[in-house]
Amino acid sequence: MKKLFSLFATFFKIGLFTFGGGYAMLSLIQSETVTKKGWLSGDELLNIIAISESTPGPISINCATYIGYKRAGFFGSLFATLGVVMPSFIIIFIISFFIEEFLKIQLVFNAFKGIQAAVAVLIIRAGFKMSKNVKKDVMSIGILAVALIITVTLNFVTFNLSSIYLIIAGGVAGFIYYGLIKKGIKQPDKAADKTEDIISVSNAVEETTFENAPQVPENDQKEDDK
């Protein structure tokens, strides 16, 4: 029960103090679950974020559900999910009674301008932290560069492209390179290594057999020659 309450309290805090939607929560999720509590490693969180982005629903809620399940099974996912959505639900429910008057308050309007700028920094910070756990080789850097160029270019021409297409393209490229091409390169190397090992063992056996062979005395050898 203590573990369930800890999950609920942690994600309630994340939901309460994060503005700007799911992506803005990633930085706080990383800080709370990886850095402070050590519930999972940076690589595990990166995989969870990739799955959460690839599946339907808000990324923050999906992350909470996966992390909760990893910690405490079904009820862990339930409490973590409730924790992350409850703050938004409560606040929006209260504001809904006087939404028009609330939006007309100049102080609130000005505050949200500053909040939007801070949210952009949170998203960039989360991306920078996650990039440290990404496998860095030619292929991964190439996928990152291509996705970044496509995204920036399409934003300049005001063409909306769903991020799901970039995810699918990255998954296909990774499968082809790491699953087929790179794996195919490694297999001949392994076969060559096995052949060398067999030859080495064979030579060792021959040397051992020769060294352990019974030696014929010199006198007997001379008699055989006669």
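Residues numbered from 1 in each chain as written. Predicted model: local features only at pLDDT ≥ 70, side-chain atom pairs only at ≥ 80, totals over all residues. Heavy atoms only, no water.

1. Brief notes about the overall build of the chain
When helices and strands are counted, the chain shows 9 helices and 0 strands. When the elements of the chain are put in sequence order from the N terminus, they spell out α-α-α-α-α-α-α-α-α. Burial status across the chain gives 22% buried among its 226 residues. Surface accessibility of the chain: about 16000 Å² in total, with carbon and sulfur atoms responsible for 69%. (Helix = DSSP H or I, 4+ residues; strand = E, 2+ residues; numbered from the N terminus. Buried < 20%, exposed > 50% of the residue type's maximum accessible area, 1.4 Å probe, protein only. Areas by Shrake-Rupley, 256 points an atom, 1.4 Å probe, with all protein chains shown as cover.)

2. Some words on the packing of helix α3 (residues 42-54) against helix α4 (residues 59-95)
Here α3 crosses α4 at 130°, and the two axes come no closer than 9 Å. In terms of orientation, α3 and α4 fall into the oblique class. Helix-helix and strand crossings are classified by hand; for α3 and α4 the assignment is right-handed. Here α3 contributes E44, L45, I48, I49, I51, S52 and E53 to the contact with α4, which in turn contributes I59, N62, C63, Y66, I67 and K70. (Axes fitted to C-alpha atoms, helices over the stretch in contact; angles between N-to-C directions. Parallel < 35°, antiparallel > 145°, perpendicular 65-115°, else oblique. Left-handed = near helix turned anticlockwise from the far one by under 90°. Contact = heavy atoms within 4.5 Å.)

3. Details of helix α7 (residues 138-156)
Here α7 spans 27 Å end to end across 19 residues, near enough to the 27 Å set by a 1.5 Å rise per residue. One or two positions beyond α7, positive phi appears at T158, with a value near 55°. (Expected span 1.5 Å × (residues − 1).)

4. A short note on the packing of helix α1 (residues 2-16) against α4
Where α1 meets α4, the closest approach of the two axes is 7 Å, and the angle between their N-to-C directions is 40°. In terms of axis orientation, α1 runs oblique to α4. Judged by the twist between their axes, the crossing of α1 over α4 is right-handed. Broken down by class, the residue content of the contact of α1 with α4 amounts to 17 nonpolar, 5 polar and 2 charged. (Nonpolar A, V, L, I, M, F, W, Y, C, P; charged D, E, K, R; others polar.)

5. A word on the environment of C63
Along the chain, the position of C63 falls in helix α4. Separated by 12 residues in sequence, C63 and I51 have C-alpha atoms that sit 8.5 Å apart. Other than its neighbours up to four places away in sequence, C63 contacts L26, I29, I48, I49 and S52.

6. Some points on the packing of aromatic side chains
This model, assessed by the stated rule, comprises 4 aromatic pairs. Arranged with centres 6.1 Å apart and planes meeting at 20°, the rings of F89 and F93 form a pair that is stacked. Here F89 pairs with F93, and both are found in helix α4, just 4 residues apart, close to one helical turn. For F89, a relative accessible area of 54% corresponds to the exposed category. Here the aromatic cluster, defined as three or more aromatic residues joined through ring pairs, consists of F89, F93 and F97. (Phe/Tyr/Trp six-rings, centres within 6.5 Å; stacked < 30°, edge-to-face > 60°.)

7. Describing the pattern of salt bridges
Enumeration over the complete set of coordinates arrives at 3 salt bridges. Put simply, K13 and E32 hold a salt bridge, and the shortest N to O gap is 2.9 Å. Of this pair, K13 sits in helix α1 while E32 is found in helix α2 (residues 22-36), placing the two residues 19 residues apart along the sequence. Between K70 and E44 there is a salt bridge whose closest N-O contact spans 3.3 Å. Here K70 is found in helix α4, whereas its partner E44 is found in helix α3, with 26 residues between them in sequence. (Salt bridge = Lys/Arg side-chain N within 4 Å of Asp/Glu carboxyl O.)

8. With respect to the side chain of S77
Note on placement: S77 falls in helix α4. In this structure S77 comes out as buried when scored by relative accessible area, which is 9%.

9. A look at the nonpolar core
Within the largest apolar cluster, 18 residues are counted, with the highest numbers of intra-cluster contacts made by F11, I29, L40, L45, C63 and I67. Put simply, the parts of the chain that give this core at least two residues each are α1, α2, α3 and α4. Of the residues forming this core, the biggest block, 6 residues, is contributed by α4. Sequence-distant contacts of L45, defined by excluding residues within four places in its chain, comprise I29, Q30, V34, L40 and I67. (Core = buried A, V, L, I, M, F, W, Y, C linked by side-chain atoms within 4.5 Å.)

In short, the description is geometric, and any link to function would need to be established separately.
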